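Each chain, written out:
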Amino acid sequence: MEPVNLLELSEADLKKFLSSFDHVFSDCDGVVWETRNPMPGAGKFFELMKRLGKTVHFVSNNSLRTKADYEAKFKSADIKEGYENLTIPSTAIAEYLKSLHFDKAVYCVSCPETVAVLTSHGFECKEGPEVGTYYYSDYIEYLTDDEEIGAVVFDSDFKVNLPKLYKALTYLRRPEVLFINGATDRYVPLKAGVLTLGTGVFSDIASEESKRKPVLLGKPGKMFGEFAMRRAGVSDPSRVLFIGDMIEQDVGLGRAVGFNTLLVLTNKTKEEMMSHETLKPDYYADNLGSIVPILEPLVK
Ligand SMILES: [Mg+2]
């Protein structure tokens with residue numbers, strides 16, 4: 001089915017749309033806020049959703065932010081209890097390891113905040129080196145296995161380098177070592193109109209070279225979506241509207257789990273959305289603020 005423009009729905013179809021879900025799960029970057037500022041009207045949109053009886057949750061691939069940073073961002077967007085209702089890869093990875101009673105060390109090719117989250121859940125983390133040397137024969141030390149490592153985690157390491165990849169691949173040679181990925185975004189919207197390479201390209205290299213498929217605990221991984229559902233106390237994915245700005249991560253997650261999807265065109269053009277070969281959202285809108293005027297008359 002072709003994506004439907006929410007702003008072109010008749011009143012009857014708008015009501016049908018609103019009764020098709022009970023829960024709103026929303027991405028954050030590019031939907032609730034752009035790099036620095038809240039998106040106009042986003043806070044109002046979620047307030048209206050709550051007044052229409054929907055529960056509101058947030059699902060982001062961004063483990064890089066601290067709790068304080070997330071709380072400040074939700075506050076600036078006028079959203080209450082945003083952080084309490086937020087699911088990110090680092091917490092999903094910690095919960096996953098706990099569910100396996102994991103008791104070895106984790107090799108982290110990740111942002112410092114993911115290491116902090118895993119450490120706070122009691123896991124021993126090893127990292128680095130942050131800098132390699134120039135002469136390749138020095139790299140032989142990164143080919144030495146470390147039997148204490150029981151898992152390799154990739155999650156948004158913007159300081160990833162060749163020594164870290166060597167180490168990760170060395171540990172992944174042992175089949176019992178868990179291979180876990182948080183965010184695997186190939187592109188990130190850093191600047192309006194430009195998509196920049198994300199750290200997912202490096203986890204792709206690790207996957208290709210180790211010939212192993214990671215457990216994906218970030219969007220668009222099905223397990224991550226199901227983890228977010230459990231956290232939100234939701235059992236039926238078909239009663240969830242997932243809102244995002246990225247086709248691969250957000251519409252992809254919706255497809256994997258069975259959510260309805262709404263794409264906001266803050267980082268994609270309508271042409272890009274229409275020309276995607278396999279993933280199309282159910283609905284689209286320019287941004288969340290643009291939907292506010294059609295929802296307001298429905299809230300007494
Ligand atoms: Mg986004």
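Computed from a predicted model, the values in this text were never measured in an experiment.

Rules used throughout
- Residues numbered from 1 in each chain as written.
- Predicted model: local features only at pLDDT ≥ 70, side-chain atom pairs only at ≥ 80, totals over all residues.
- Heavy atoms only, no water.
- UniProt positions renumbered as here; feature names shortened; annotations may be inferred.
- Contact = heavy atoms within 4.5 Å.
- Helix = DSSP H or I, 4+ residues; strand = E, 2+ residues; numbered from the N terminus.
- Phe/Tyr/Trp six-rings, centres within 6.5 Å; stacked < 30°, edge-to-face > 60°.
- Buried < 20%, exposed > 50% of the residue type's maximum accessible area, 1.4 Å probe, protein only.

Asker: Let's hear about the UniProt feature "binding site: Mg(2+)" (unreviewed entry) in the protein chain: which residues, and what values?
Answerer: Taking the numbering used here, the UniProt-annotated feature "binding site: Mg(2+)" (unreviewed entry) corresponds to Asp27, Asp29 and Asp245. The largest pairwise C-alpha distance within this set of annotated residues, which runs over 219 residues, is 8.1 Å, so the set is compact in three dimensions. With residues near it in sequence (within four places) discarded, aspartate 29 still touches Ser60, Asn62, Arg65 and Asp245. One can find aspartate 245 in the loop between strand 12 (240-244) and helix 9 (247-257).

Asker: I'd like a description of the packing of aromatic side chains, backed by residues and values.
Answerer: Summed over all chains, the structure comprises 17 aromatic pairs. Arranged with centres 5.5 Å apart and planes meeting at 65°, the rings of phenylalanine 25 and phenylalanine 259 form a pair that is edge-to-face. Note that phenylalanine 25 is positioned in strand 2 (residues 23-26) and phenylalanine 259 in the loop between helix 9 and strand 13 (260-264), a separation of 234 residues in sequence. Pair check on accessibility: phenylalanine 25 and phenylalanine 259 agree, each one buried. Here the aromatic rings of phenylalanine 154 and phenylalanine 179 are separated by 6.1 Å at their centres, their planes lie at 75°, and the arrangement is edge-to-face. On the criterion of sequence distance, the pair formed by phenylalanine 154 in strand 7 (residues 149-155) and phenylalanine 179 in strand 8 (residues 178-181) is long-range, its members being 25 residues apart.

Asker: Now, about helix 2 (residues 42-51): what can you tell me, with residues and values included?
Answerer: Inspection of helix 2 places Ala42, Gly43, Phe45, Phe46, Leu48 and Met49 among the buried residues, and these make up the whole buried set. If you follow the buried residues of helix 2, they end up packed against helix 1 (11-18), strand 2, strand 3 (55-59), strand 12 and helix 11 (292-295). Of the residues flanking the end of helix 2, it is glycine 53, one or two places downstream, whose phi is positive at about 90°.

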